[in-house]
Amino acid sequence: MSKRIRFAASAAALLWAAGAAAGAPPKRTGEIVAKGKASYEINCASCHGDKGLGDGVAAAALDPKPRNLVTGAFKQGAKPEQVFATLARGVAGTTMAPFGHLSEEERWALAYYVAELRGAKPAKK
């Protein structure tokens, strides 16, 4: 294997690990949850549905179907830090792609919003 290919493989592995192992999460506030909701509407609702029920407009064309974020079991865990990691890495064997193009703060905002969809106590304003 050439040095260039080994370097590219090493760089890809480091980027993947960095996306999953981010810095400390921002404080969960009403403002960051609202940012997560806005991001959800742009990035997630087409598959997971407006209310997170897995019934978005694209859901019928996907196999496997998108997760019901409200009541469904999460393959990689439903705690905000686990959802954050899922957003960074995606889920192998599904159509859940990584969202590494989103900033770390936006991925945390989405993770907090998903927690509220699941019935977590709303963040304080």
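For clarity, every value in this text was computed on a predicted model and none was experimentally measured.

(A) How the structure looks around the side chain of Thr86. Residue placement: Thr86 occurs in helix H4 (residues 80-89). Assessed through its relative accessible area of 12%, Thr86 is described here as buried. Aside from chain neighbours lying at most four places away, what touches Thr86 is Gln76, Val91 and Met96.

(B) Just helix H5 (residues 104-117), in detail. Helix length check: H5 (14 residues) gives 20 Å between terminal C-alpha atoms against 20 Å at 1.5 Å per residue, within 8%. The element H5 is extensively covered by neighbouring structure, given that 11 of its 14 residues are classed as buried. Among all positions of H5, only Glu106, Arg107, Trp108, Ala109, Leu110, Ala111, Tyr112, Tyr113, Val114, Ala115 and Leu117 are buried. Count one or two residues on from H5 and you reach Gly119, which has phi positive near 100 degrees.

(C) Representation of the environment of Lys121 within the structure. If you trace the backbone, Lys121 turns up in the segment after H5. Residue Lys121 is classed as exposed on the basis of its relative accessible area of 64%. Setting aside anything within four residues of it in sequence, one finds Lys121 in contact with Arg28 and Glu116.

(D) Quick look at unusual backbone geometry. That bond from Asp63 to Pro64 is cis: its omega, 5 degrees, falls within 30 degrees of zero. Take Pro64: it is sitting in the loop between helix H3 (45-48) and H4.

(E) Fine view of the pattern of salt bridges. For the coordinates displayed, the defined rule picks out 2 salt bridges. Taking the shortest distance from any N to any O, the salt bridge between Glu116 and Arg28 comes out at 3.1 Å. Here Glu116 is found in helix H5, whereas its partner Arg28 is found in the loop between helix H1 (3-20) and helix H2 (30-43), with 88 residues between them in sequence. Look at Glu116 and you get partly exposed, because its relative accessible area is 23%. Classification of Arg28 by relative accessible area gives partly exposed; the value is 29%. Measuring nitrogen to oxygen at the nearest pair gives 2.8 Å for the salt bridge that ties Glu105 to Lys35. Taken together, the residues span a long stretch of sequence, with Glu105 in helix H5 and Lys35 in helix H2 at a distance of 70 residues.

Each value, and the rule that gives it
Positions within a chain are numbered from 1, following the residues in the order the chain's sequence is written. Totals for whole chains, interfaces and linings use all residues, but because this is a predicted model, local features are given only for residues with pLDDT of at least 70 and pairs of side-chain atoms are given and counted only at 80 or more. As a convention, hydrogens and water are excluded, and side-chain values are obtained from all of the structure's heavy atoms. Note on conventions: DSSP H or I runs of at least 4 residues are helices, E runs of at least 2 residues are strands, and numbering of each starts at the N terminus. The buried label goes to any residue with under 20% of its type's maximum accessible area, the exposed label to any with over 50%, and the partly exposed label to all in between, with areas taken from a 1.4 Å probe on protein chains only. Should any heavy atoms of two residues lie within 4.5 Å, those residues are considered in contact. One less than the number of residues in a helix, times 1.5 Å, gives the span that helix is expected to have. Counted as salt bridges are all cases of a side-chain nitrogen of Lys or Arg within 4 Å of a carboxyl oxygen of Asp or Glu.

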